[in-house]
Amino acid sequence: MERIDFAAHRRALMAELPEGSVVVLCAAEEATRSNDTEYHFRQDSDFFYLTGFNEPDAVLVLRPGQSPESVVFVRPSDKLAEIWHGRRLGKDKAADTLGVDVAFEVGELDSELAGLVSGAENLAYLPGHSARGDKLVGDLLAKLRGGFRQGLVAPAKMQDLRPLLHELRLFKTDAEVALMAEAARISARAHVRAMQACQPGLYEYQLEAEIRHECAMAGARDMAYNSIVGAGDNACILHYTENNAPLHDGDLVLIDAGCEFHGYAADITRTFPVNGKFSEDQKALYQIVLDAEKAAIEMLKPGVSIKDANAEVLKILVSGLVELGILEGEVEALIEQEAYKPYYMHGLGHWLGIDVHDVGDYRTPDRGRQLEPGMVITVEPGLYIGPDADVDPRWRGIGVRVEDDILITEEGHRNLTADVPKEIADIEALMAG
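For the protein, an unreviewed UniProt entry supplies the name Xaa-Pro aminopeptidase and the organism Ferrimonas balearica. Taken directly from UniProt, the Catalytic activity (unreviewed entry) text for the protein runs: "Release of any N-terminal amino acid, including proline, that is linked to proline, even from a dipeptide or tripeptide." Within the UniProt record for the protein, the comment given under Cofactor (unreviewed entry) is "Mn(2+)".

Spelled out as C-alpha cells, the structure:
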C-alpha cells in the first residue's frame, strides 16, 4: 500500500500561506483516564496530517522559503521512561524519520522557538484549539514583544490556520483513499460478522465485541468512534452507545460502527433483524430508507451537493411515510412544513477522513457545496419511530438507518463500503447461512 507523503502535505500548506509566514502547531497531549493511567493515545488530526507522527507533546514549526524550513520538537529519548511506557523516536532520529530539516527536544522550545519565529510577518496557528497551544503561542508572543534588546521581532499579523489546512484535508490523495478503502473493507467484514453472529438472547455489547475483534485482528486496533449497537427502540437514539441491552426476538438492531486504519476512518450503518427475518412492517419501513439511500448515492458526482441529494431523500422518505399512514397530507407541503422532523431529524451525510466527522467547509448550513473529485462523504438517511410516537402502535419503536462511505471521482462516485449487504433478501440469506 502506498505510503502517505506527509512532506507533500506540508509543502501544499506552505504554498497557500502569505509571504513571510511561520506556522506553529502542537501535537496532542496524553489524557488521564483514571488516577495515573492514560487513555490510549490518539494524535491530534491536524498534526497527524502534517507529520504522520504519533507521539504526544511534539511541536511543528514551518517556515516557508527559509532555512530551516521545517522543524520539529519531540520528547527526549529516556531509557527509564521507555522501559515503563514504550519507545520514543527521540531527537536524533526525528529529522530523518519525519522528513523535516531539523529536530530539537521539547525542552529546547524556550531557547529555540523565539528565534525561529522572530522576524516573521504572519504567525499561523490554531487559536482556541488546545490550552497548550494557546499558552505556547501566548508565551512566545510575549517573549518576542519584550525582546527588542535581544533583536527579537514579533509578527504583526495572526492567522487562523483552519481554513487553509482543512480545505487541504478535504481532498484525499490516492494514498489516503487507499487507507480509507482498507478501513472500509475491514469495517465491512466486521458488520458481516456481527450479522452472522446475531441471535436472540445475546446482548448488544456482544455484537460490539464481534466488530471490535474483527477490526483489531485486521490491524485496526482503534474504532473511529464509539460503536452504536441499538436493539429495538434503542435504535431511535441517534448516538446510543450504552450497548448493554438484550437482543429480543422480533426486534431490529441498528449497528453504526467503523474502524480507524492508519489514522483514517470508516463509518458504516446497517439495520437488520435480530432473528434473521424481517417482519412485514419492518420490511416496509426499511425499504423506504434503503430506496432513499440508493437514490442519493446514485445522484452523487462532481457538481452535485449533499443538499441536492437530501432533497431527493426527503421526497422518498415523506412519500413512504404518507403511504404507510404515519404522515398525512401532500408530500410537498409536508416537506415544506418539515413534518418529517420527528422521524428524520439529522442530515444526510458528512465529510469523512482522518476524523469521522471530518473537517471541511460545507459552505451553507444545509450543505450546499458542490462535490468535487477527492472528497469522501457518508450517505445515511434514516427513519426513527420512537416508542411514544403518535402513530399506529405497529410502527412504534422501530429505528432504521443505512449508511455507506462514498468517494467522489471524476466519473461519478465509488462506494467504499459496498461489501456489506443491505438488500433485505441479501441480509436474510447471509443471516440464514
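Trainee: Whenever I open this one, helix H13 (residues 424-432) confuses me. Can you help?
Mentor: Note on helix geometry: an α-helix contains 3.6 residues per turn, so any two residues three or four positions apart are oriented the same way. Within H13 the residues assigned to the buried category are Ile-424, Ile-427, Glu-428, Leu-430 and Met-431. For H13, the angular spread of buried residues about the axis comes to 160°, placing them on one side. Residues Ala-425 and Ala-432 are exposed on H13 and point more than 90 degrees away from its buried face.

Trainee: Explain the packing of helix H10 (residues 280-299) against helix H11 (residues 306-324) to me, please; I cannot follow it from the model alone.
Mentor: Packed helices, taken two at a time, are described by the angle their axes make and the gap between the axes. In contact at an axis separation of 9 Å, H10 and H11 are set at 160° when each is read in the N-to-C sense. For the element pair H10 / H11, the angle class is roughly antiparallel. Two packed elements cross with a definite hand, and for H10 against H11 that hand is right-handed. Within the contact between the two elements, H10 uses Ala-284, Leu-285, Ile-288, Val-289, Asp-291, Ala-292, Ala-295, Ala-296 and Met-299 and H11 uses Asp-308, Ala-309, Glu-312, Val-313, Ile-316, Leu-317, Gly-320, Leu-321 and Leu-324. Among the residues forming the contact of H10 with H11, the class breakdown is 14 nonpolar, 1 polar and 3 charged.

Trainee: Just to check I follow, could you spell out the sheet that holds strand S12 (residues 259-261) for this structure?
Mentor: The strands making up a sheet are joined through hydrogen bonds of the backbone, oriented either antiparallel or parallel. The strand order across the open sheet formed by 3 strands is S9-S12-S13, and the pairing between neighbours is antiparallel. Lying at the two open borders of the sheet, with one neighbouring strand each, are strand S9 (222-223) and strand S13 (264-265). In the sheet, S9 pairs with S12 via 2 bridges, with the strands oriented antiparallel. Looking across to S12, one finds that Met-223 is bridged to Cys-259.

Trainee: Looking at this structure, how should I read the packing of helix H8 (residues 174-197) against helix H9 (residues 204-217)?
Mentor: One can describe the packing of H8 onto H9 by two numbers: an axis separation of 8 Å at closest approach and a directional angle of 145°. Handedness of the H8/H9 crossing: right-handed. Across the interface between the two elements, Ile-186, Arg-189, Ala-190, Arg-193, Ala-194 and Ala-197 of H8 pack against Leu-207, Glu-210, Ile-211, His-213, Glu-214 and Cys-215 of H9. When grouped by side-chain class, the residues that make up the contact of H8 with H9 number 7 nonpolar, 1 polar and 4 charged.

Trainee: Looking at this structure, how should I read the environment of Gly-151?
Mentor: Structurally, the position occupied by Gly-151 is in the loop between helix H6 (131-145) and strand S8 (157-160). Between the alpha carbons of Gly-151 and Ser-118 there is a distance of 8.5 Å; along the sequence they are 33 residues apart.

Trainee: Whenever I open this one, H11 confuses me. Can you help?
Mentor: With 19 residues, H11 extends 27 Å from end C-alpha to end C-alpha; this agrees with the ideal 27 Å at 1.5 Å per step. Those residues of H11 that fall on the buried side of the exposure criterion are Ile-306, Ala-309, Asn-310, Val-313, Leu-314, Leu-317, Val-318, Gly-320 and Leu-321. The buried residues of H11 occupy an angular sector of 160° when projected down its axis, which confines them to one face. Where H11 is buried, its residues contact H10, helix H12 (331-336), strand S15 (376-379) and strand S16 (382-385). Looking at where H11 begins, the residue whose side-chain oxygen comes 3.3 Å from the main-chain nitrogen of Lys-307 is Ser-305. One or two steps after H11, the chain reaches Gly-325, where phi turns positive at roughly 85°.

Definitions and cut-offs
Residues numbered from 1 in each chain as written. Predicted model: local features only at pLDDT ≥ 70, side-chain atom pairs only at ≥ 80, totals over all residues. Heavy atoms only, no water. UniProt positions renumbered as here; feature names shortened; annotations may be inferred. Buried < 20%, exposed > 50% of the residue type's maximum accessible area, 1.4 Å probe, protein only. Helix = DSSP H or I, 4+ residues; strand = E, 2+ residues; numbered from the N terminus. Arc of directions from axis to C-beta. Axes fitted to C-alpha atoms, helices over the stretch in contact; angles between N-to-C directions. Parallel < 35°, antiparallel > 145°, perpendicular 65-115°, else oblique. Left-handed = near helix turned anticlockwise from the far one by under 90°. Contact = heavy atoms within 4.5 Å. Nonpolar A, V, L, I, M, F, W, Y, C, P; charged D, E, K, R; others polar. Pairing = 2+ DSSP bridges. Expected span 1.5 Å × (residues − 1). Polar contact = N/O pair within 3.5 Å; in protein donor to acceptor, adjacent residues only side chain to side chain.

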